[in-house]
Amino acid sequence: MTIKIKTPEEIEKMRVAGRLAAEVLEMIGEHVKKGVTTEELNDICHEHIVKVQGCYPAPLYYGGAPYPVTLDDNGQPTEPVRNGGFPKSVCTSVNDVVCHGIPSKKPLRNGDIVNIDVTVIKDGYHGDTSKMFVVGEPTPQAKKLIDTTQEALYLAIDMVKPGVRLGDIGAAIQKYAEGKGYSIVREYCGHGIGDTFHEEPQVTHYGRPGTGVELKEGMTFTIEPMINAGKRFVKHHKKDGWTVMTKDKSLSAQWEHTLLVTADGVEVLTRRNEEPFK
């Protein structure tokens, strides 16, 4: 396992990418409402990322070739994309969708919960973050799940500093979520990030204290707990090959931040202005 320790120059680029990713989530909130489609939300995000920020939306054609593609002035590929890849610029995961939901033409309904997952590439470096949104008023059950998942992320972030092990963080998330009666998705996890979208280490949201990679200054990675209201088991959408859903059709929630391990703690590179981090 090779874990990249970022240089000061790389860290500064990641700060820029992280801030831009956070801005997309700050921008899109007012557009999440009854009747809008997730495809429309995707198009708004795409336009902002490409034309306003001058970035590339990392999910777009991820897994295809070439990647990333060159976009024209209208934000469209300048050459055909082979071998598929993710077809949209953001992931929109609604209700029982755990992650990697493909934006669609289905309108959102009152009470829907939706995770919007944004990753931008700026000057070759990635900022990756996601947030839960609610259409109208959530049910008490949905609100508790959303709040618990965010609280689990925040308590994990508070633990990040040199010397802590990833198993400590995973165990804390697991204990907190399961203590509320929820389950942790195990098939997907956080990850190292930098000039590569997904790099080492893998950051699981369950584990045993005292195990796993020891955190060191200069490491950058995501923590992104996926927590289900029912059982932890998931399934893939058979037709699109990307969408991951809860097997028992229970609600799922996720929050995500890109983090930097500093000399004495953590810097949240994708912090939104609404959040309490320094």
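In what follows, the structure referred to is the one given above.
All chains use their own residue numbering, which begins from 1 and follows the written sequence. Under the rules for a predicted model, residues below a pLDDT of 70 receive no local features and side-chain atom pairs below 80 are neither given nor counted, while totals for whole chains, interfaces and linings still include all residues. Calculated side-chain values reflect all of the structure's heavy atoms, with hydrogen atoms and water omitted.

A.B. asks: Can you help me understand the nonpolar core in this one?
C.D. replies: Soluble globular proteins: nonpolar side chains tend toward being buried together. In this structure, V160, I169, L215, F221 and I223 are the most contacted members of the largest nonpolar core, which totals 31 residues. To qualify as a helix, a DSSP run of H or I must reach at least 4 residues; to qualify as a strand, a run of E must reach at least 2; elements of each kind are numbered from the N terminus. For this core, the elements supplying multiple residues, two or more each, are helix 3 (140–159), helix 4 (166–179), strand 9 (220–223) and strand 14 (257–261). Among the elements that line this core, the one with the most residues is helix 3, at 8 residues. Here a residue-residue contact requires only that any non-hydrogen atoms of the pair lie within 4.5 Å. Setting aside its immediate chain neighbours within four residues, L215 contacts V160, K161, P162, G163, V164, L166, I169, F221 and V261. In these notes, a set of buried Ala, Val, Leu, Ile, Met, Phe, Trp, Tyr and Cys residues joined through side-chain atoms within 4.5 Å is what counts as a nonpolar core. The buried label goes to any residue with under 20% of its type's maximum accessible area, the exposed label to any with over 50%, and the partly exposed label to all in between, with areas taken from a 1.4 Å probe on protein chains only. One finds V24, V32, V90 and V120 within the second-largest nonpolar core, a separate group that totals 21 residues.

A.B. asks: What's the story with the state of the cysteines in this structure? I'm lost.
C.D. replies: A covalent bond bridging the sulfur atoms of two cysteines is what the word disulfide describes. Working definition: a disulfide is two cysteine sulfur atoms within 2.5 Å of each other. The full count for this structure, using the stated rule, is 0 disulfides. Take C99: it sits in no disulfide, and the sulfur closest to it among the cysteines is that of C91, at 7.8 Å. The thiol of C189 is not disulfide-bonded; the next cysteine sulfur, from C99, is found 10 Å away.

A.B. asks: How should I be thinking about helix 1 (residues 8–28) in this particular structure?
C.D. replies: An α-helical turn contains 3.6 residues, so a residue and the one three or four places further along point in the same direction. Between its first and last C-alpha, helix 1 extends 31 Å over 21 residues, near the 30 Å set by a 1.5 Å rise per residue. Of the residues making up helix 1, those classed as buried are I11, M14, A17, G18, L20, A21, A22, V24, L25, M27 and I28. In this fold, the buried residues of helix 1 make contact with helix 2 (38–52), strand 4 (113–122), strand 5 (125–134), strand 9 and strand 14. Take the residue count of a helix, subtract one, and multiply by 1.5 Å to get its expected span.

A.B. asks: Explain a positive patch on the surface here, please?
C.D. replies: On the surface, K235, K238, K247 and K249 cluster together into a patch of positive charge. Overall, the relative accessible area of 85% leaves K238 in the exposed class. In this scheme, patches are assembled from residues that exceed 30% relative accessible area and form no salt bridge. Like charges are connected within 9 Å, while nonpolar side chains (Val, Leu, Ile, Met, Phe, Trp, Tyr) are connected within 5 Å. The Shrake-Rupley method, run with a 1.4 Å probe sphere, supplies the accessible areas, and residue values consider only the shown protein chains as cover. The rule for a salt bridge is simple: a side-chain nitrogen of Lys or Arg has to be within 4 Å of a carboxyl oxygen of Asp or Glu. For this count, His and the chain ends are skipped, Lys and Arg are scored as positive, and Asp and Glu as negative. Charge positions are represented by NZ for Lys, CZ for Arg, CG for Asp and CD for Glu.

A.B. asks: Even after reading the chapter, I still don't get the pairing of strand 4, so can you show me in this structure?
C.D. replies: Side-chain direction in a regular strand flips from residue to residue, so the side chains alternate between the two faces of the sheet. Most of strand 4 is tucked away, with 9 of its 10 residues classed as buried. Two strands form a pair only when DSSP identifies at least two bridges running between them. Inspection of the sheet shows strand 1 (residues 56–57) paired to strand 4 by 2 bridges, in the antiparallel sense. Paired with Y56 across the two strands is I121, which belongs to strand 4. In the sheet, strand 4 pairs with strand 5 via 10 bridges, with the strands oriented antiparallel. Residue pairing for strand 5: V114 is matched across the bridge by F133. Turn length for the strand 4-strand 5 hairpin, with the two strands adjacent in sequence and antiparallel, is 2 residues, and the turn residue D123 shows positive phi of about 50 degrees.

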